[in-house]
Amino acid sequence: MQATNITNPAYFHKVVDCQWACPAHTPVPEYIRLIGQGRYTDAYMINWVSNVFPGILGRTCDRPCEPACRRGRVEENNGAKPEPVAICRLKRVAADFKDDVKARMPTVLPPNGKRVACVGAGPASLTVARDLVPQGYAVTVFEGESKAGGFVRTQIPKFRLPESVLDEETGYILDLGVDFRPGQRIDSLKTLLGEGYDAIFIGSGAPRGRDLEAPGRKEAAAHIHIGIDWLMSVSFGHITTTAERVIVLGGGNTAMDCCRSARRMGGKDVKVIVRSGFEEMKASPWEKEDAQHEGIPILNYHVPKSFEHDNGKLTGMMFEIVRAEYDAKGRRSLIPTGEPDVFVSCDEVLVAVGQENAFTWIERDCGIEFDKWGLPVLTEDTFQSTLPNVFFGGDSAYGPKNIITAVAHGHEAAVSIDRLLHGEDVTQRPAPMVNLMSQKMGIHEWSYKNAVSNDVRFKVPWTTAEKALASIKVEVELGFDAATAFKEASRCLNCDVQTVFKGNLCIECDACEDICPMDCITFTTNGEEADLRTRLKAPATHAEQDLYVSGGLPTGRVMVKDEDVCLHCGFCAERCPTGAWDMQKFLLNTTQAGPRARDTKSAAAHPNVTEAA
């Protein structure tokens, strides 16, 4: 294998598993360390730069960072499944305990004469506005509803996300100087194009819920509701009660929000029924657990056959029982078991079987191409449509996903708009800003706490069930207090503090290999990667994570380190008699709209990682 090029920003970024997995690439260990130090405002602002909505995401994020957390691979938990650091809930801690941050919002540059329109006031559009307004752009955000937030406001129940948090964090962006137009729904893209905007960003979401056509659907229509429409009506107070017996169809997070909302609005017998297996449900594991915790059963492998009614009055649903079978390629088929169909009585059905885009307001002759699924054809990574000054992001771009993905789209689209309106090639993407800094403070002392905590994940306290289920506006999760937040933050392994090896200082005493608690360092003869992975002190089986390979050492051997299971404990650097190992903090920040995003030199090539002593 060739010696590892640690000047490539992607190398150490990939080692910081949580940041690599986050669509917005938030520097997770950096803000967790600040929380552990009680520097909540600093931790909040690091989040705000990357993910824009720390208080919102600290309650509602889909947490792609947590399954990637190294804790889940290296921790022993008395035979139980190891649990990642509570990254998402620590984000909320920063939001809950921060000081006033208004003075730390960006300074807005003088107007640059460019006008940008954003359609929809959801997380993608607000991120575009947050990035472009400080650069002097005049940004107008059109929103059909009376407040900003998009589906975050209308689809996420108040017991998960209080309205005050939404108002606060959308307000930080609007107060930068956004021209916010509430109650103005765009019904013609051609008309908007004619208003002279230099660029248009479409972040209008996936506003149409899929229906379920089955016998009895039309006759019992008064008692059957599309889940996202029903949640919106609940959010605006148009619906305040529900029937006692409710069936929720669907296995995603929307279905979980529907069933938990119905439970709080008078539903005494609320069931979730899905056609897939429980493990295959698209809902986040914790969303399923929360629903079950509130006494809501989930019935799986039930395929809807009909809505049963008595002269239009819904009486229940009939389901076929199936099982899952998989072919050689892992494709699933649902096969009838032959058991008798099952009747489940109910008075109301909420259909939450998916969402889709609805671009009826975009004329098909305006220059924007759509694919066979009705989604816009976009240039990869730029979010630019076939009409060069029109961009898409969030659910509007590639279909329904989640909030943090919408934020990531917004950042990238803002870079594209910024480059386009300065005459730059939007396909040239700016490289991230990166830094490596030694954490040495003395001979073998570090500026970070490198002792590995053996604590298991701490539980977030809940409001009592009686109080939580009595009102749809009572927040269920209470969040960590400061003491518990400190203990949970201490579980972080500081994966961004990298073990950096300098072969010219190595005397091959193998002391680092001997002391490594994970056996992830090996001195051996070089070879092809597949062969080398099997010859290490502990075989490196996770091929997605790279091996750190040195250049040739005096004996002809190389140092090989398995990055996958390293604890970043620093024992190798503490034991090394020559300083060949050092613990260096790797900080990566993605480049956002602004002068650096328009620097064609930095956009054309990866910069070297800078090292500071």
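Residues numbered from 1 in each chain as written. Predicted model: local features only at pLDDT ≥ 70, side-chain atom pairs only at ≥ 80, totals over all residues. Heavy atoms only, no water.

## Topic: the packing of aromatic side chains
One pass over the full model with this rule turns up 10 aromatic pairs. Where phenylalanine 359 meets phenylalanine 392, the ring centres are 5.8 Å apart and the plane angle is 85 degrees; that geometry is what we call edge-to-face. Placement of the pair is phenylalanine 359 in the loop between strand E15 (355–356) and strand E16 (390–392) and phenylalanine 392 in strand E16, with a sequence separation of 33 residues. The exposure classification of phenylalanine 359 matches that of phenylalanine 392, with both residues buried. (Phe/Tyr/Trp six-rings, centres within 6.5 Å; stacked < 30°, edge-to-face > 60°. Helix = DSSP H or I, 4+ residues; strand = E, 2+ residues; numbered from the N terminus. Buried < 20%, exposed > 50% of the residue type's maximum accessible area, 1.4 Å probe, protein only.)

## Some details on the confidence of the model for the protein
The predicted coordinates should not be examined in detail at positions where pLDDT is low. Here the protein shows a mean pLDDT of 93. Residues at 70 or above account for 97%. In the model, residues 602–613 has pLDDT below 50 throughout and makes 37 contacts with residues more than four positions away in sequence or in other chains. (pLDDT = per-residue confidence, 0-100. Contact = heavy atoms within 4.5 Å.)

## Quick notes on the sheet that holds strand E9 (residues 298–299)
Read across the open sheet, the five strands follow the order E6-E14-E7-E8-E9; overall the sheet is parallel. In the strand order of this sheet, the two ends are held by strand E6 (224–226) and E9, each with one partner. Where strand E8 (residues 269–273) meets E9, two bridges bridge the pair, whose relative direction is parallel. Of the residues in E9, the one forming a bridge with valine 272 is isoleucine 298. Sheet strands touched by helix H14 (residues 253–264): strand E7 (245–249), E8, E9 and strand E14 (348–351). Its angle to E8, the strand with the most contacts, is close to 170 degrees. (Pairing = 2+ DSSP bridges. Axes fitted to C-alpha atoms, helices over the stretch in contact; angles between N-to-C directions.)

## Some details on the pairing of strand E17 (residues 433–438)
Because side chains alternate across E17, one face comprises the buried residues Val434, Leu436 and Ser438, and the other comprises Met433, Asn435 and Met437, none of which is buried. In the sheet, E17 pairs with strand E22 (residues 581–589) via six bridges, with the strands oriented antiparallel. Following the sheet pairing, valine 434 is matched in E22 by leucine 588.

## Remarks on the sheet that holds strand E4 (residues 199–202)
Reading across from one edge, E3-E2-E1-E4-E16 is the order of the five strands in this open sheet, with parallel pairing throughout. Every other strand in the sheet has two partners, leaving strand E3 (179–182) and E16 as the edge strands with one partner each. Neighbour-to-neighbour, the strand axes of this sheet turn through a mean angle of 20 degrees, independent of strand direction.

## Topic: unusual backbone geometry
Its identity is not glycine, yet aspartate 381 carries a phi of approximately 70 degrees, on the positive side. Here aspartate 381 lies in the loop between E15 and E16. For aspartate 381, a relative accessible area of 46% puts it in the partly exposed group. One non-glycine residue, aspartate 510, adopts positive backbone phi at about 65 degrees. Of note, aspartate 510 is situated in the loop between strand E18 (497–501) and helix H20 (511–515).

## What to know about the packing of helix H4 (residues 40–51) against helix H17 (residues 403–420)
Across the interface, H4 lies against H17 with an axial gap of 9 Å and an inter-helix angle of 70 degrees. Classified by the angle their axes make, H4 and H17 are roughly perpendicular. Within the contact between the two elements, H4 uses Val49, Ser50 and Asn51 and H17 uses Ile404, Val407 and His411. (Parallel < 35°, antiparallel > 145°, perpendicular 65-115°, else oblique.)

## A look at the side chain of threonine 60
With respect to the element layout, threonine 60 can be found in helix H5 (residues 54–60). The class for threonine 60 is buried, based on a relative accessible area of 7%. For threonine 60, the side chain forms a polar contact with the main-chain oxygen of isoleucine 56, separated by 2.8 Å. With residues near it in sequence (within four places) discarded, threonine 60 still touches Arg89, Ile156, Arg160, Leu161 and Ile403. (Polar contact = N/O pair within 3.5 Å; in protein donor to acceptor, adjacent residues only side chain to side chain.)

## Thoughts on the nonpolar core
If you look at the biggest cluster of nonpolar residues, it comprises 128 residues, and the most contacted ones within it are Ile35, Ile202 and Ile362. A per-element tally of this core places H17 first, with seven residues. Apart from the residues lying within four places of it in its own chain, the contact partners of isoleucine 202 are Val119, Leu189, Phe359, Trp361, Ile362, Val390, Phe391, Phe392, Gly393 and Ser396. Among the nonpolar cores identified, the runner-up in size contains 25 residues, and Val248, Ala262, Met281 and Val476 belong to it. (Core = buried A, V, L, I, M, F, W, Y, C linked by side-chain atoms within 4.5 Å.)

## Side note on helix H9 (residues 123–132)
Among the 10 residues of H9, 10 are classified as buried, and the element is accordingly described as predominantly covered. Taken residue by residue, H9 has Pro123, Ala124, Ser125, Leu126, Thr127, Val128, Ala129, Arg130, Asp131 and Leu132 as its buried positions.

## What to know about helix H19 (residues 482–489)
One turn of an α-helix holds 3.6 residues; hence residues three or four places apart share an orientation. Among the residues making up H19, those that are buried are Thr484, Ala485, Glu488 and Ala489. The arc that holds every buried residue of H19, seen down its axis, measures 135 degrees, which confines them to one face. Looking at the buried side of H19, the elements it contacts are helix H3 (28–36) and helix H8 (87–97). (Arc of directions from axis to C-beta.)

## Description of the pairing of strand E1 (residues 115–119)
Among the five residues that make up E1, four are buried, leaving the element largely enclosed by the rest of the structure. Handedness of the β-α-β unit built from E1, H9 and strand E2 (residues 138–143) comes out right-handed. (Right-handed = clockwise from strand over helix to strand, strands pointing away.)

## Re the state of the cysteines
Summed over all chains, the structure comprises zero disulfides. As a non-bridged cysteine, cysteine 512 has cysteine 506 as the owner of its nearest cysteine sulfur, 6.4 Å distant. (Disulfide = S-S within 2.5 Å.)

## Focus on the side chain of glutamate 287
Structurally, glutamate 287 is set in helix H15 (residues 285–293). Reaching out from glutamate 287, the side chain makes a polar contact with the side chain of arginine 160 at a distance of 3.0 Å. Those residues in contact with glutamate 287, other than ones at most four positions away along the chain, are Arg160, Asn253, Met256 and Arg260.

## Some thoughts on the pattern of salt bridges
As enumerated under the stated definition, the model contains 50 salt bridges in all. The salt bridge involving lysine 585 is made with glutamate 30; its shortest N-O contact spans 3.2 Å. Of this pair, lysine 585 sits in strand E22 while glutamate 30 sits in helix H3, and the two are 555 residues apart along the sequence. Assessed through its relative accessible area of 18%, lysine 585 is described here as buried. The buried category is assigned to glutamate 30, whose relative accessible area is 13%. Notably, a salt bridge pairs glutamate 163 with lysine 147, separated by 3.7 Å at the nearest N-O pair. Residue glutamate 163 is found in helix H11 (residues 163–174), and its partner lysine 147 is found in the loop between E2 and helix H10 (151–155); the two are separated by 16 residues along the sequence. (Salt bridge = Lys/Arg side-chain N within 4 Å of Asp/Glu carboxyl O.)

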